[in-house]
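A structural walkthrough
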Amino acid sequence: MAIKKTPQRKIFEICNAIVLILLMIVTFYPLLYVVFASFSDPTSFLGYNGLLLKPLGFSTAAYAKAFEHPLIISSYLNTIFIVVVGVVINILLTSIAAYFLSRRNILWQRPIAFLIIFTMYFSGGLIPLYFTIQDLHLYNSIWSLILPVAINTFNLMIMRTGFASIPHSLEESATIDGAGHFIILFRIVLPLAMPTVAVMILYYGVYHWNSWFNASIFLKDQAKYPLQLVLRSILIVNDTSAMTSGVDAGSQLAVSETLKYAVIVVATLPILCVYPFLQKYFVKGVMIGAVKG
């Protein structure tokens, strides 16, 4: 039987819908602005002020110029390598550590968990990390962007909570059948904790895709730069000379403006394409441990 809505309830739902629509517009419009600007005619866009509701003309010159940058393709490949290899290492090591911390009757489990959580609040700082990277001969290596961040403590605690929610009786049954810890982890625990694993893939993947600070410190060879570091030099340092060569001085400024937006789209599009496939796991995985009882 449908519940009759009171006038107050109807007013609330209307106001709620209006607020949510406004929030959606405020959130979504900057994305549309960037896309529209990237496809706009450079000369028309340079002299335009106000809201941008469609591309001004239609031109793909900005994208053509973006891929003329000598580092765009190499940095894209570097970032893909960092994301793929980094996420695999992240999930592997984080799941092993989470499995250890979530099991019962493990020797020294609490002191080890305390020391791990301690690193969330206190660290040696940047200078000791720099010297550590040098001593491990990782300086100017892509591995310096992967191995030092192999396990994130916050993500480890989320995965630990997800593993702890799996019934202990499943582990006992597998142990009786002769299964070892690795078999239990990879054949029982991980398949049952796929929502949590999906969230970890998203968290780690976004981190690696957006990371640029460590690269700016540990890499000196530009051929090893990730995409975000190249993007930073284009947007913040305003270095578009590598992509606007051959353009006359009069239109160079106009091209550089739309070029910045095109580079943003190129750098953001892969994450936007991957997210919908993980979205169905996101809410369930991120809410693990939020409700007790």
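Here's a quick rundown of the structure. Since the model is a prediction, treat every value here as computed from it, not as a measurement.

The next subject is the overall build of the protein chain. Each helix and strand counted, the protein chain has 13 helices and 0 strands in total. Counting helices and strands in the order they occur from the N terminus, the protein chain gives α-α-α-α-α-α-α-α-α-α-α-α-α. Sorting the 293 residues of the protein chain into buried and exposed places 37% on the buried side. Restricting the contact set of the protein chain to residue pairs at least 6 apart, pairs at least 24 apart contribute 73%. Within the structure as shown, the protein chain displays about 17800 Å² of accessible surface, and the carbon and sulfur contribution to it stands at 69%.

For the rest of this paragraph, the subject is the pattern of salt bridges. Applying the stated criterion across every chain, the model contains 2 salt bridges. Glu171 is the partner of Arg103 in a salt bridge, and the nearest nitrogen-oxygen pair spans 2.6 Å. You can see Arg103 sitting in the loop between helix H4 (72–102) and helix H5 (109–118) and its partner Glu171 sitting in helix H8 (residues 168–176), a full 68 residues away along the chain. Using a relative accessible area of 8% as the deciding quantity, one classes Arg103 as buried.

Here the focus is the packing of aromatic side chains. Any pair of aromatic rings gets described here by the distance separating the centres and the angle formed by the planes. Across all of its chains, the model carries 13 aromatic pairs by this definition. For the ring pair Phe39 and Phe58, a centre distance of 5.4 Å and an interplane angle of 5 degrees mean the geometry is stacked. In this pair, Phe39 is assigned in the loop between helix H1 (7–38) and helix H2 (42–46) and Phe58 in the loop between H2 and helix H3 (61–66), connecting sequence segments 19 residues apart. Geometrically, the ring pair formed by Phe39 and Tyr63 is tilted, given 4.9 Å between the ring centres and 35 degrees between the ring planes. Here Phe39 is found in the loop between H1 and H2, whereas its partner Tyr63 is found in helix H3, with 24 residues between them in sequence.

As a further point, take the nonpolar core. In terms of nonpolar packing, the biggest core is built from 52 residues, with Phe163, Val189 and Met200 touching the most fellow members. Elements supplying a minimum of two residues to this core: H3, H4, helix H7 (153–164), helix H9 (181–192), helix H10 (194–210), helix H12 (227–235) and helix H13 (249–286). Looking at which element gives the most residues to this core, the answer is H4, with 11 residues. Setting aside anything within four residues of it in sequence, one finds Phe163 in contact with Ser95, Ala98, Tyr99, Ser102, Arg103, Leu185, Val189, Leu190 and Ala193. Among the nonpolar cores identified, the runner-up in size contains 5 residues, and Phe36, Ala37, Leu52 and Leu56 belong to it.

Before going further, it helps to spend a moment on the side chain of Ser141. One can find Ser141 in the loop between helix H6 (126–135) and H7. The contact partners of Ser141, leaving out residues within four places of it in the chain, are Phe218 and Leu219.

A few words on a nonpolar patch on the surface. Judged by side-chain polarity, Ile14, Ile18, Ile21, Leu22, Met24, Ile25, Phe28 and Leu31 come together as a nonpolar surface patch covering roughly 790 Å² of accessible area. Relative to the assigned elements, Ile21 resides in helix H1.

The next subject is unusual backbone geometry. Apart from glycine, the bulk of residues carry a negative phi angle, and the bulk of peptide bonds sit in the trans form. Even without a glycine there, the phi angle at Trp108 is positive, about 60 degrees. On the secondary structure map, Trp108 appears in the loop between H4 and H5. For Trp108, a relative accessible area of 62% gives the class exposed. One non-glycine residue, His137, lies in the positive phi region at around 60 degrees. Along the chain, the position of His137 falls in the loop between H6 and H7. According to the relative accessible area criterion, His137 is exposed, its value standing at 71%.

Cut-offs applied
Residues numbered from 1 in each chain as written. Predicted model: local features only at pLDDT ≥ 70, side-chain atom pairs only at ≥ 80, totals over all residues. Heavy atoms only, no water. Helix = DSSP H or I, 4+ residues; strand = E, 2+ residues; numbered from the N terminus. Buried < 20%, exposed > 50% of the residue type's maximum accessible area, 1.4 Å probe, protein only. Contact = heavy atoms within 4.5 Å. Areas by Shrake-Rupley, 256 points an atom, 1.4 Å probe, with all protein chains shown as cover. Salt bridge = Lys/Arg side-chain N within 4 Å of Asp/Glu carboxyl O. Phe/Tyr/Trp six-rings, centres within 6.5 Å; stacked < 30°, edge-to-face > 60°. Core = buried A, V, L, I, M, F, W, Y, C linked by side-chain atoms within 4.5 Å. Patch = residues over 30% accessible without salt bridge, like charges linked within 9 Å, V, L, I, M, F, W, Y side chains within 5 Å.

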